[in-house]
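An overview of the molecular structure
Each chain is listed here by its residues.
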Amino acid sequence: MSILVTGGCGFIGSHTVVELLSIGEDIVILDNLSNSKECVLDRIETITGKRPKFYKADLLDIDECEKVFKENDIESVIHFAGFKAVGESVAKPMMYYHNNITGTLNLCALMSKYGAKTIVFSSSATVYGMPKSVPISEDFPLSTTNPYGETKLMIERILSDICVSDKEYGVSVLRYFNPIGAHESGLIGEDPKGIPNNLLPYVSRVAAGIYEHLSVFGDDYDTPDGTGVRDYIHVVDLAKAHLCALDYARKNKGIDYFNVGTGNGYSVLEIVKAYEEASGKPVKYKISPRRPGDIAECYANPEKAYKLLGWKAEKGIEDMCRDLARWQEGNPEGYPDN
Ligand code: WQD
């Protein structure tokens, strides 16, 4: 019996595969390498001593993907594969809806055909849109402000409707807050294509001298220092949440939703300071205008994951920055092209 990890060569996927292999799970990765590199498999093997079975395939090619189910006894799925850049989704909505929704529908069709009825889905706090208050709980209103977020919400609803139609399904939906950091080995980490949209990959590159300064998008928010506050969570804590969520979905039919955050908010300037201390390098910044669509504060109420999954974040902002600095130091250009 194997676990299929779609997008398993990606940032969160690879860290989750490492944790799954470390507890003896049998893993099959399906990844089209559109936002990842095959050398990640070598890094996973170096860390764990095990090399997961790998299929380079696109979820939009259902015949190719069916080989995975024909050739392996897939018991459950952890579904990471999907495009995830907010700005790009606004510019290319059709590409996002086709890739993320059609790809997921193909995956669900194969799961039903082959009787794999347990899935953990990689969702996002973006489904809460502009929350009225913080901390955010799972019963907060859902709304989205961009096509990327809409695809996440649509997939949540597709999975919910599948559970209504077939009571044998067990589905855990994980709503990530802001995943950052890297594995303590420094061998796997975040490797965004092009200029990073997100804060920490940009900060780490400023400290490394790749970029001249960080643009702080607004210092006039209603927050302690005026800059945006987010719930940053160590990617290894997030990876471990998937193991707890899989266990829960195996034991509980139906669908349930979990915020995966620390419950603590840090501002942009607090992150800059923490990264400078962790890396021993300065991070130059300039205050810039607000980024359209940004909200002042966003952090989780993580209680439900603790109560039902028995999971809570263990690593602090210092660990996140230290591990990211080690990854950046050892991989200044990210993963090498094969
Ligand atoms: C964090 C803070 C920015 C870059 C996004 C997606 C979300 C999820 C996580 C996928 C904000 C500020 C950032 C920079 C800055 N992705 N910032 N200068 O926007 O909270 O969430 O990534 O699921 O869907 O929306 O993360 O890292 O982009 O921004 O000042 O160069 O850093 O304004 O306050 P965000 P982020």
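Above: the structure in question.
Described in the following lines is the structure provided in the data block. (Residues numbered from 1 in each chain as written. Predicted model: local features only at pLDDT ≥ 70, side-chain atom pairs only at ≥ 80, totals over all residues. Heavy atoms only, no water.)

The N-to-C vectors of helix 1 (residues 11-22) and helix 8 (residues 235-251) enclose an angle of 60 degrees; their axes lie 8 Å apart at closest approach. Taken as axis vectors, helix 1 and helix 8 run oblique relative to one another. Here helix 1 runs over helix 8; the crossing is right-handed. When helix 1 is examined against helix 8, the residues Phe11, Ile12, His15, Thr16, Glu19 and Leu20 are found in contact with a partner set consisting of Val235, Val236, Leu238, Ala239, Lys240, His242, Leu243 and Leu246. Counted by class, the contact of helix 1 with helix 8 contains nine nonpolar, three polar and two charged residues. (Axes fitted to C-alpha atoms, helices over the stretch in contact; angles between N-to-C directions. Helix = DSSP H or I, 4+ residues; strand = E, 2+ residues; numbered from the N terminus. Parallel < 35°, antiparallel > 145°, perpendicular 65-115°, else oblique. Left-handed = near helix turned anticlockwise from the far one by under 90°. Contact = heavy atoms within 4.5 Å. Nonpolar A, V, L, I, M, F, W, Y, C, P; charged D, E, K, R; others polar.)

Overall, parallel pairing links the seven strands, which are arranged 3-2-1-4-5-6-11 in an open sheet. The open sheet terminates on both sides in strands that have one partner only, identified here as strand 3 (53-56) and strand 11 (254-260). Sheet twist, expressed as the mean angle between neighbouring strand axes with direction ignored, is 15 degrees. Pairing analysis gives seven bridges linking strand 6 (residues 170-176) to strand 11, with the strands arranged parallel. Pairing of Gly170 across the sheet is with Gly254, part of strand 11. Contacting strand 5 (118-124), strand 6 and strand 11, helix 6 (residues 147-165) runs over the sheet at an angle of about 155 degrees to strand 5. Sheet strands touched by helix 8: strand 1 (2-6), strand 4 (74-79), strand 5, strand 6 and strand 11. Its angle to strand 6, the strand with the most contacts, is close to 155 degrees. (Pairing = 2+ DSSP bridges.)

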